[in-house]
Every structure is written in structure tokens, then in C-alpha cells.
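One-letter residues, chain by chain:
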Amino acid sequence: MRIINVNDLNNDMILAKPIYYKDYILLNKNQKNLAKYKIRLLDLGINYICIYDELSEDIEIDDIISEQTRQKGIKTIRETFNNIKINKDIETENIKDVVNDIIDEIFYSKNTIINMVKLETYDSYTFSHSVNVAILSLLMGKIMNLNKNDLYKLGLGALLHDIGKVFIPEKILKKNDELTEEEYEVVKRHPILGYNYTKENTDIDAVSRAIVLHHHERIDGSGYPEKQKGNETHKFAKLVAVTDVFDALTSNRIYRKQWPVHEAIEYLMANAECKFCYDYVAIFTRSIAVYPNGSMVVLSDGRKGIVRKQNVNFPTRPVINIIKENKRVETINLMDNINIVIKEVL
Ligand SMILES: [Fe+2]
């Protein structure tokens, strides 16, 4: 299995992970003749998909949680947001179920490194983003040995961090151009609106609500809504600040293309200590595959290859299947070839 740019699809490839549109399956696993779907996928905002082909037979791209739990999470968040919009009470039990399912699966999973592959459409961004931020935050929580009670509060706050966006006009949220200053001021109200909503209408605990209110605060006081500095912000809100920014940067948006994982990680590292908590950035960068399994890469010696598997604790030095003239020629471990580095992701 490997990750391929939709522009490079051809009819010898078979779809390895299903593509969802809203709550429906747009393309099923094992779908053939993929070339004809290029334009449709790009129009929906999907730039990369997972395929099977001869070059990548021995490569696995494991997700840390099951497709079923991920889709249940997205559906629950979509329904929650829609119910708030039409002034209907929300089912907090369903949301809590999703958090508990993610916690259970992350604990069960032997993986401590996530291979991020974004298969979401423009349309489902807010909902997939909420679920991704919950998954990434809970994986960090597992690495930090948080107890179940703390994990639950962290997961619930992470899943609902952007609930206040329900109250921001869609024409601003879905604008395909840069926001004006006035529009940005409106968007910046979402943490307070979300906090007020959860306080007045739900039994969600104070720690989870602090995440909703403070996930845009920054260590140097440059964030919002309260311009908190350093330790004024709850530690879980500081943790979610890291996973929120990472997931936003690596998502494909209508107004800008998704960033590759290694660039988003560089951004976080460059801003660690001034904007983000250094320790959380350090934990996070150890739990994410900088070059996810299945990525096509170019090495510093000019050879091309596909990332086969990760070396734990050495995120920039995975094992690579070298490809020459569309054939697999050898497998090299970058841990044994320290003079070679990954130069580019295709
Ligand atoms: Fe937000």
C-alpha cells in the first residue's frame, strides 16, 4: 500500500482505503479504474489517496484507530453541530461514547507512531479535524501516562474544541480567500461562544471547557481570547494548541494546499517555546511519522523510494524501498546509512 498524489493516478492502481463524502462511501476499498475519478477527487479537496500496486506490496499504513470509530466520530460531530444550529438539544452521551471508543482503541493499539494520511473532503473538514485533534491529543496523553480520568477530559475538550464555530457565519468559515480584519475578529469569537454554549447547555467538565476556551492562547501572549501567557493557560489547552495547529496545517483547505507533515513539524519546532509549549512539541514530534509509511521520497543521493516502515525515536530516518525504473531494487534502512537523508517528498 502507498500514498499517491491524485494527479498521478493510473488504471493499474487499486484503491486501498475507502473515500468518504459526508456520511457516504464515495469510493470503496478495491475500486479499480481510478484514473477517471481524478477530477472529482481534486474538486472535493482530496489530493492524496492510498493505493495498492506492485511497488508497495509489503508496505502497511496502519491507522491508530479503526475506520468505524473514525467515521462514527465524524458523524457524531456533524450531527452535534447541526443540532446546535437548529436549536436542538445535543446528545452528550454520544459524544462521550466517541471519546471512550478512541481512548480504548489507542490503548489497545501497539503503535505509538501515527502515519497521517488525509482522506477528508473540503466539506467534512471541521468534523474530521475535531476527530483528528482528539486522536492526536489522546495519543500524546497515552505517551504522557495520563490516568483514564484525565484522558477522558482531554479527549472531550479536544473533540469539542471548535464547537463555537457553529455560531460563526458559514460564509466566513467557507470563504475561499483571505479573511478581512473584521471577519477574522468574528472568527476569533469562537472559543468564547463555544465555552458559553457548553457551560450553559451541557454537563461537560471544567477542564474540557478550558480547552474549548483557551486552545488559541499562545505562550508569548499573542493568542486569543484572553491573551494568556505561559502557565496561565491550562496544560491541556496548551497540548491541544499543538495538535490543532498541526492538523490544520496538514489539511487541504479551499484557500491553501495542505502542508507536508515534515513542514508542519518544522513550523511547530520553530515556534516551540515562543508560541507552543516546548515539551508538548517534543512529545508530539516523537509520535508522528515525519515521512509516513507509503510516502514517495527522493534521497540526498538522488535515488527515489517509498517509505516502508518507521524507526521508533528516529522519525526522520525510516526504512525505504528503493525504486528504479518503476521496479523495486533494494531496501535500505536510513539508520544504517547515516550519510543519506530524505531530501523531498513527492
Ligand atoms: Fe479553534
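Structure first, text after, so check above.
Not measured: the values here are computed from a predicted model. (Residues numbered from 1 in each chain as written. Predicted model: local features only at pLDDT ≥ 70, side-chain atom pairs only at ≥ 80, totals over all residues. Heavy atoms only, no water.)

As for the pairing of strand 9 (residues 327–333)
Taken together, the 6 bridges between strand 8 (residues 319–324) and strand 9 define a ladder with antiparallel strand orientation. Opposite Ile323, over in strand 9, you have Arg328 as the bridge partner. Turn length for the strand 8-strand 9 hairpin, with the two strands adjacent in sequence and antiparallel, is 2 residues, and the turn residue Glu325 shows positive phi of about 45 degrees. (Pairing = 2+ DSSP bridges. Helix = DSSP H or I, 4+ residues; strand = E, 2+ residues; numbered from the N terminus.)

Looking at the environment of Ile4
Structurally, Ile4 is set in strand 1 (residues 2–5). On the basis of relative accessibility, which here comes to 5%, the residue Ile4 falls in the buried class. A sequence separation of 45 residues divides Ile4 from Ile49, and the C-alpha atoms of the two residues are 5.6 Å apart. What Ile4 contacts, discounting residues up to four positions off in sequence, is Leu9, Met13, Asn47, Tyr48, Ile49 and Ile51. (Buried < 20%, exposed > 50% of the residue type's maximum accessible area, 1.4 Å probe, protein only. Contact = heavy atoms within 4.5 Å.)

Some remarks on the sheet that holds strand 1
Strand order across the open sheet formed by 3 strands is 1-5-2, with antiparallel pairing between neighbours. Each end of this open sheet is capped by a strand with a single partner; those strands are strand 1 and strand 2 (14–15).

A word on the coordination of the iron ion
Four donors placed tetrahedrally around a metal ideally meet at 109.5 degrees, and six donors placed octahedrally ideally meet at 90 or 180 degrees. Summarising the metal site, the iron ion is bound by the protein donors Asp162 (OD), His190 (NE2), His215 (NE2) and His216 (NE2), whose distances to it range over 2.1 to 2.3 Å. Around the iron ion sit 4 donor atoms; with metal-centred angles ranging over 85 to 175 degrees, the donor geometry is irregular. Binding-site remark: the iron ion is held by donors from one chain whose sequence spacing is D-x27-H-x24-H-H. Across the pair, exposure class does not vary: His215 and His216 are buried alike. (Donors = N, O, S within 2.8 Å, 3.2 Å for Na, K, Ca; no water. Tetrahedral: all angles 85-135°; square planar, octahedral: opposite > 155°, others 65-115°.)

Some words on the state of the cysteines
The tally for this structure, following the rule as stated, stands at 0 disulfides. Between Cys274, a cysteine without a disulfide, and Cys277, which holds the nearest cysteine sulfur, the sulfur-to-sulfur distance is 12 Å. (Disulfide = S-S within 2.5 Å.)

A look at the side chain of Arg2
Tracing the backbone through its elements, the reader meets Arg2 in strand 1. A distance of 2.7 Å separates polar atoms of two side chains, one belonging to Arg2 and the other to Asp53. If near-sequence neighbours (up to four positions away) are discounted, Arg2 is found in contact with Met13, Ile49, Cys50, Ile51, Asp53, Leu55, Ser56, Ile61, Gly294, Met296 and Ile306. (Polar contact = N/O pair within 3.5 Å; in protein donor to acceptor, adjacent residues only side chain to side chain.)

Section: the nonpolar core
With 70 residues, the main nonpolar core has Phe246 and Ile320 as its most contacted residues. With 9 residues, helix 4 (residues 125–143) is the single largest residue contributor to this core. When sequence neighbours within four positions are dropped, the list of residues in contact with Ile320 reads Val297, Leu299, Gly305, Ile306, Val307, Arg308, Glu330, Thr331, Ile332, Leu334 and Ile342. With 13 residues, the next largest nonpolar core counts Leu41, Ile46, Ile49 and Ile51 among its residues. (Core = buried A, V, L, I, M, F, W, Y, C linked by side-chain atoms within 4.5 Å.)

Structural notes on the packing of helix 8 (residues 190–201) against helix 9 (residues 206–214)
At a minimum axis separation of 7 Å, helix 8 and helix 9 run at an interaxial angle of 155 degrees. One way to sum up the angle between helix 8 and helix 9 is to call them roughly antiparallel. From helix 8, Pro191, Ile192, Gly194, Tyr195, Thr198 and Lys199 reach across to helix 9, where they touch Arg209, Val212 and Leu213. (Axes fitted to C-alpha atoms, helices over the stretch in contact; angles between N-to-C directions. Parallel < 35°, antiparallel > 145°, perpendicular 65-115°, else oblique.)

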